[in-house]
Amino acid sequence: MDGNGRTHRLELQDQTVRDWDAVVLDATPDGVVLDRSAFYPGGGGQPPDHGVLLWGGVQTRIVGASKGDEFYLIPVEGDPLPPPGTAVRGAIEDERRTALMRTHSGLHVLSGVVFRDFGALVTGGNMEPYVARMDFNLPEVPPGFKEAVEEACNSEVAEDRRIDIKVLPREEAFQIPDIIRTAQNLIPPEVADVRIVDIVGLDTQADGGTHVASTKQIGRIQVAKIENKGKGFRRLRIRVTD
Ligand SMILES: [Zn+2]
């Protein structure tokens, strides 16, 4: 079970989709099930999309999604629900999603740079539009670390590296050294196919999130702060700007 039930997840293949046609399969106060959805449900540190379903001259606002026996879109309490069989137009709030795509890709640039230049592995991360944090296993912070990381991140942005998404069979994915390093223990054994986000030449990760198509679209990455969170554990806070 992949948690998507009967819903085809459009954003897993095409992260540029912002509106689309769909049919309602089920609707309860817990959630609306569509045959096709581009709502990112949240996960991997990326919060869920916000948006609307438009139908019959009214709108149902959507503020999240949950995966289970079906892929439920979570409506704002009190909004009218489209009955099963209704044809709806789905739409994602573009500004929020695009900001999250830029921020998420920015975090992958950061993880690629910090591993390549300082050998430190990521232990966690989280983001909101344009601000994010990533935790690293980094016992020592060398002099000039903050400036060096920021400069290296922005030179990777300027390189305009392609960000490719592909889905590989599990065995094939786990032959990629970066995937072995970052994800082998995190992906449940029943998952047959692994979605890979590859910033070509910099960073390859198993990841379900949404990303921009190349690093220049991220914009500028600022390393805002480095916090010492205990033995060998450093938290980097970044900001993404134009
Ligand atoms: Zn990610």
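Source: prediction; values computed, not measured.

Peer 1: How should the nonpolar core be read in this particular structure?
Peer 2: A general trend in soluble globular proteins is that nonpolar side chains are found buried together. By size, the foremost hydrophobic cluster in this structure holds 30 residues, and its most contacted members are V109, L110, M134, F136, C153 and I221. Of the residues forming this core, the biggest block, seven residues, is contributed by helix α1 (residues 94-118). When residues no more than four places from it in sequence are discounted, the contact partners of V109 are C153, E156, V157, I199, L202, D203, T215, I218 and I221. Counting 18 residues, the second largest nonpolar core, distinct from the first, contains Y40, F71, Y72 and I92.

Peer 1: Would you explain helix α2 (residues 145-158) in this entry?
Peer 2: Because the α-helix completes a turn every 3.6 residues, residues three or four places apart line up on one side. In a regular helix each residue adds 1.5 Å, so 14 residues correspond to 20 Å; α2 covers 20 Å between its end C-alpha atoms and thus fits that length. Residues of α2 that are buried in the fold lie against α1 and β14 (220-228).

Peer 1: Mind showing me how you'd approach the packing of α1 against α2 here?
Peer 2: When two helices pack together, their arrangement is given by the angle between the helix axes and the distance between those axes. Two elements in contact, α1 and α2, have axes whose closest approach is 9 Å; the angle formed by their N-to-C orientations is 120°. The pairing of α1 with α2 is recorded here as oblique in orientation. Seen from above, α1 lies across α2 with right-handed handedness. For the pair α1 and α2, the contacting residues are V109, L110, V113, V114 and D117 in the first and A148, V149, A152, C153, E156 and V157 in the second. Looking at side-chain class alone, the contact of α1 with α2 contains nine nonpolar, no polar and two charged residues.

Peer 1: For this particular structure, what's the right way to read the pairing of strand β15 (residues 233-241)?
Peer 2: Look at any regular strand and the pattern is simple: side chains alternate between the two faces of the sheet. A one-sided burial pattern is seen for β15, the buried positions being R234, L236, I238 and V240 and the unburied ones F233, R235, R237, R239 and T241. With seven bridges connecting them, strand β10 (residues 131-137) and β15 associate as antiparallel partners. Bridging across to β15, V131 finds its partner in R239. For β14 and β15, the ladder comprises eight bridges, and the chain directions are antiparallel. Bridging across to β15, R220 finds its partner in T241. Hairpin connection between β14 and β15: a loop of four residues separates the two successive antiparallel strands, and G230 in this loop has a positive phi of roughly 115°.

Peer 1: Would you mind showing me how to read the environment of L202 here?
Peer 2: Looking at where L202 falls in the secondary structure, it is placed in the loop between β12 (193-199) and β13 (203-206). Given 19 C-beta atoms within a 10 Å radius, L202 is considered partly exposed. Remark: the alpha-carbon pair of L202 and V157, spanning 45 residues in sequence, is separated by 11 Å. When near neighbours in sequence (up to four residues on either side) are disregarded, L202 contacts V109, G112, E156 and R161.

Rules and cut-offs
Every chain begins its residue count from 1, and numbering advances along the sequence as written. Where totals are concerned, whole chains, interfaces and linings use all residues; where local detail is concerned, this predicted model gives features only for residues with pLDDT of at least 70, and gives and counts side-chain atom pairs only at 80 or more. Definition of nonpolar core: a set of buried Ala, Val, Leu, Ile, Met, Phe, Trp, Tyr and Cys residues joined via C-beta atoms within 7 Å. In this scheme the burial state of a residue depends on its C-beta neighbours within 10 Å: 20 or more other such atoms mean buried, 12 or fewer mean exposed, and anything in between means partly exposed; the C-beta positions come from the backbone. A run of DSSP states H or I qualifies as a helix once it reaches four residues; a run of E qualifies as a strand once it reaches two. Both are numbered from the N-terminal end. With C-beta atoms placed from the backbone, a contact is any residue pair whose C-beta atoms sit within 7 Å. By definition here, a helix of n residues has an expected span of 1.5 Å times n minus one. For helices, the axis comes from a line fit to the C-alpha atoms of the stretch in contact; other axes are also lines fit to C-alpha atoms, and the angle between any two N-to-C directions lies between 0 and 180 degrees. Reported orientations rely on four angle classes, namely roughly parallel under 35 degrees, roughly antiparallel over 145, roughly perpendicular from 65 to 115, and oblique for the rest. Crossing chirality is assigned from the near helix's rotation relative to the far helix, an anticlockwise turn below a right angle marking it left-handed and a clockwise turn marking it right-handed. The classification used treats Ala, Val, Leu, Ile, Met, Phe, Trp, Tyr, Cys and Pro as nonpolar, Asp, Glu, Lys and Arg as charged, and all other residues, Gly among them, as polar. One requirement defines pairing of two strands: DSSP has to find at least two bridges between them.

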